[in-house]
Amino acid sequence: MRLLFSISLFTALAALAPAAPADPLPEGWTDLMKPDVWKKVDPKWIVTDEVKLNAEKANRLAATAKDGGTIWVNGDGRLPNLYTKQDYGDCEVHVEFVIAKGSNAGLKLHGVYEVQILDSFGTKKKVTGDSMGGIYPRADDSMGYKHIDEGIAPKVNAAKPPGEWQTLDVVWKSPRFDAKGEKTANAVVVKATLNGEVIHENQELKTPTGANWNKKETATGPLMLQADHGPFAFRNVRIKPAKKD
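Below or above, wherever it landed, is the structure these notes cover. Please read all numbers here as calculations on a predicted model, not as lab measurements.

Cut-offs applied
- Residues numbered from 1 in each chain as written.
- Predicted model: local features only at pLDDT ≥ 70, side-chain atom pairs only at ≥ 80, totals over all residues.
- Heavy atoms only, no water.
- Pairing = 2+ DSSP bridges.
- Helix = DSSP H or I, 4+ residues; strand = E, 2+ residues; numbered from the N terminus.
- Phe/Tyr/Trp six-rings, centres within 6.5 Å; stacked < 30°, edge-to-face > 60°.
- Lys NZ or Arg CZ within 6 Å of the ring centre and 35° of its normal.
- Core = buried A, V, L, I, M, F, W, Y, C linked by side-chain atoms within 4.5 Å.
- Buried < 20%, exposed > 50% of the residue type's maximum accessible area, 1.4 Å probe, protein only.
- Contact = heavy atoms within 4.5 Å.

1. Structural notes on the sheet that holds strand β8 (residues 104-109)
Pairing between the strands of a sheet is mediated by backbone hydrogen bonds and can be parallel or antiparallel.
Right, so step 1: Within the open sheet, the 4 strands sit side by side as β6-β17-β8-β9. Their pairing is antiparallel. The outermost strands of the open sheet, each flanked by one partner alone, are β6 (82-83) and β9 (113-118).
Right, so step 2: Strand direction decides the pairing type here: β8 and strand β17 (residues 224-226), joined by 3 bridges, are antiparallel. Each bridged residue has a counterpart across the sheet, and for G106 the counterpart in β17 is Q226.

Structure follows, in structure tokens:
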């Protein structure tokens with residue numbers, strides 16, 4: 001997929017400079033709409049103040065770079081994923097996003113537990129962990145990429161139409177380990193809401209998701225925004241670390 005835009009590399013780099021100061025965040029929250037909080041930010045990200053579906057092709061987004069913009073658009077829809085420099089354990093995450101028709105993205109806690117972002121508006125297919133707001137299925141990538149389960153479906157399909165702003169909030173409890181490093185409790189999505197509707201509550205995750213399911217779990221890890229699976233834009237991304245029980 002190719003997003004139609006014409007900006008120079010210089011313009012793109014300039015646009016990634018921090019936006020003008022916004023209203024202060026509530027106490028305890030960290031603003032993630034700053035390039036310096038991420039390990040690496042590709043210069044092809046478009047920073048703007050408006051994004052919408054491409055008028056000719058709804059599977060693309062249209063955006064023009066603007067200095068001081070507060071919206072990030074992932075260029076042609078195939079940019080490297082974003083990982084925070086800081087690792088987090090228990091936390092709350094807030095993300096506002098737009099996707100194109102048929103597009104795919106994701107929010108990954110610790111970089112390995114994914115809440116799926118997928119255009120599932122009005123779908124007649126069975127809602128699974130591979131639907132909007134689902135906890136993504138485990139997968140085998142040894143020969144291609146194949147799901148080995150259905151993941152955990154959201155309680156309701158709360159997806160909005162492509163091109164509309166959507167809001168995902170997740171309260172996360174990381175896995176627990178004893179002094180020897182042995183896991184004593186699974187990770188838990190304490191609560192997740194999509195567009196104001198509860199999609200998960202007190203949902204345990206026995207393993208990471210996708211092809212990461214057999215990786216060693218850890219008490220902390222980076223937050224990841226998936227940016228390499230299709231046209232995707234976000235704004236007002238923030239995180240609030242919480243104290244462990």
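Moving on from the coordinates now.
2. Side note on the packing of aromatic side chains
Right, so step 1: Under the criterion given, the structure shown has 6 aromatic pairs.
Right, so step 2: Counting every residue linked through ring pairs, the aromatic cluster contains W45, W72, F97, F232 and F234.
Right, so step 3: Taking the ring centre of W213 as reference, the NZ or CZ of R138 above it sits at 4.8 Å.
Right, so step 4: When the ring centre of W29 is taken as origin, the NZ or CZ atom of R238, which lies over that ring, is 5.4 Å away.

3. Comments concerning the nonpolar core
Right, so step 1: Formed by 43 residues in total, the largest nonpolar core has its most connected members in W72, F97, W172 and F234.
Right, so step 2: Contributing elements (two or more residues each) for this core: β7 (91-99), β8, β9, β12 (166-173), β15 (187-194), β16 (197-205) and β18 (232-241).
Right, so step 3: Counting residues per element, this core draws most heavily on β7, at 5 residues.
Right, so step 4: If we skip the residues at most four places from it in the chain, W172 touches G89, D90, C91, L109, H110, Y113, A187, V188, V189 and L205.
Right, so step 5: Residues V51, L61, A65 and V73 belong to the second largest nonpolar core, which totals 10 residues.

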